[in-house]
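Reading the structure
Below, each chain spelled out in residue letters.
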Amino acid sequence: MRKVSELSIFFPFWEEQENIESVISKAIPIAQKVAKNWEIIMVDDGSSDKTLEIAQRLARENPRLIVASHKKNRGYGAALKTGFEKARYNLVVFNDGDGQFDLSEITGFLDKIDNADMVIGYRKKRIDNPFRHLLMNMLKVWDLVLFGFHFKDIDCGFKLFKRDALKKILPFKSEGAMITTEILARAKKAKLKIIQVEVSHYPRLYGNQSGGNLRVILRAIRESLYLWKDLNLNYGRN
């Protein structure tokens, strides 16, 4: 495939000291292969382990690696918001920092982006526990009822955007897990063209998932109701 002229890649990290160095070391040659100009942004969401320390060391070793950090843990959505704010280039992709995706599959996204505003991944086979599968299916129904859209994998942490498209849907407000719903709901409202691409999903080797705990779920419900109100009652007033 041809190289794109520029690409911003960012990863949200929280308590990922066992994963971050492997994720970034794999991402660098992929970025070199697919883009002439590139940057990799490591967003640390207030980790209490050595995630930030490792990120800072990696950035000192390579000027194309950039660190952004939160003083305290704010949530997945907050980490994505920071990544979008820091990204400088005309194509922006985010990929979860837990090592469960293969960034090299971005080639399939880049092949489609000329004909879309966004290219979003869907997991061919989701490697998660049964409760997470249940939550995914509940989210699909919830989003269909509240926001009128259906995608194969709403919360897949592998999405590519044109910057011009991002400008039409920013700023995002969700600080928690509902950020992926907000991205797609605002994209639907803005009539953006979205293409879905199949991606692989791998087991998490280190660390723990947080998306299935009660606090995260309740926060997501609250944020989705705020989002519905914002899109349906306040849209166009800002």
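Overview of the structure.

Cut-offs and rules
Residues numbered from 1 in each chain as written. Predicted model: local features only at pLDDT ≥ 70, side-chain atom pairs only at ≥ 80, totals over all residues. Heavy atoms only, no water. Salt bridge = Lys/Arg side-chain N within 4 Å of Asp/Glu carboxyl O. Helix = DSSP H or I, 4+ residues; strand = E, 2+ residues; numbered from the N terminus. Buried < 20%, exposed > 50% of the residue type's maximum accessible area, 1.4 Å probe, protein only. Polar contact = N/O pair within 3.5 Å; in protein donor to acceptor, adjacent residues only side chain to side chain. Contact = heavy atoms within 4.5 Å. Phe/Tyr/Trp six-rings, centres within 6.5 Å; stacked < 30°, edge-to-face > 60°. Pairing = 2+ DSSP bridges. Axes fitted to C-alpha atoms, helices over the stretch in contact; angles between N-to-C directions. Parallel < 35°, antiparallel > 145°, perpendicular 65-115°, else oblique. Nonpolar A, V, L, I, M, F, W, Y, C, P; charged D, E, K, R; others polar.

Quick look at the pattern of salt bridges
Enumeration according to the criterion identifies 14 salt bridges in this entry. With a shortest N-O distance of 2.9 Å, Arg74 and Glu175 are connected by a salt bridge. Pair noted here: Arg74 is in the loop between β3 (65–69) and α3 (76–86) and Glu175 is in the loop between α6 (163–169) and α7 (179–189), with a separation of 101 residues, a long-range link. The partner of Asp155 in a salt bridge is Arg123, with the nearest N and O atoms 3.1 Å apart. Of the two residues, Asp155 sits in the loop between α5 (130–147) and β6 (158–162) while Arg123 sits in strand β5 (residues 118–123), which places them 32 residues apart along the sequence. Exposure remark for Asp155: the relative accessible area of 23% places this residue in the partly exposed category. The network of salt bridges with common partners includes Lys173, Glu182, Arg186 and Asp230.

Quick notes on unusual backbone geometry
Excluding glycine, residues mostly have negative phi values, and the peptide bonds linking residues are mostly trans. Cis geometry marks the peptide bond from Leu170 to Pro171, where omega comes out at 0°. As for its placement among the helices and strands, Pro171 is situated in the loop between α6 and α7. A positive phi angle, near 55°, is found at Glu15, a position not held by glycine. Notably, Lys191 is not glycine yet its phi reads approximately 60°, a positive angle. By secondary structure assignment, the location of Lys191 is in the loop between α7 and β7 (194–199).

Focus on the side chain of Asp98
One can find Asp98 in the loop between β4 (91–95) and α4 (106–110). A polar contact is formed between the side chain of Asp98 and the backbone nitrogen of Gln100, at a distance of 3.1 Å. In this view, Asp98 contacts Glu16, Asn19 and Arg204; residues no more than four positions away in its chain are not counted.

With respect to the packing of aromatic side chains
Per the counting criterion, the structure on display carries 11 aromatic pairs. When the centroid spacing of 5.3 Å and the interplanar angle of 90° are considered together, the rings of Phe84 and Phe161 count as edge-to-face. Of this pair, Phe84 sits in helix α3 while Phe161 sits in strand β6; the two residues are 77 residues apart in sequence, bridging distant segments of the chain. When its relative accessible area of 4% is taken as the criterion, Phe84 is described as buried.

Some thoughts on the sheet that holds β5
Spatially, the seven strands line up as an open sheet ordered β3-β2-β1-β4-β6-β5-β7, and their pairing is mixed. If you trace the sheet from one side to the other, it starts and ends with β3 and β7, each paired once. Each strand of the sheet is rotated relative to its neighbour by a mean of 20°, with strand direction disregarded. As judged from the three bridges shared by strand β1 (residues 4–13) and β4, these two strands associate in the parallel manner. Its bridge partner lying in β4, Phe10 is registered against Phe94. α7 contacts β4, β5, β6 and β7 of the sheet and is inclined by roughly 135° relative to β5.

Description of the packing of α3 against α7
For the pair α3 and α7, the least separation of the axes is 9 Å and the interaxial angle reads 55°. Judged by the inter-axis angle, α3 sits oblique to α7. Facing α3, whose interface residues are Tyr76, Gly77, Leu80, Lys81 and Phe84, α7 presents Ile179, Thr180 and Ile183. Looking at the contact of α3 with α7 residue by residue, the classes come out as five nonpolar, two polar and one charged.

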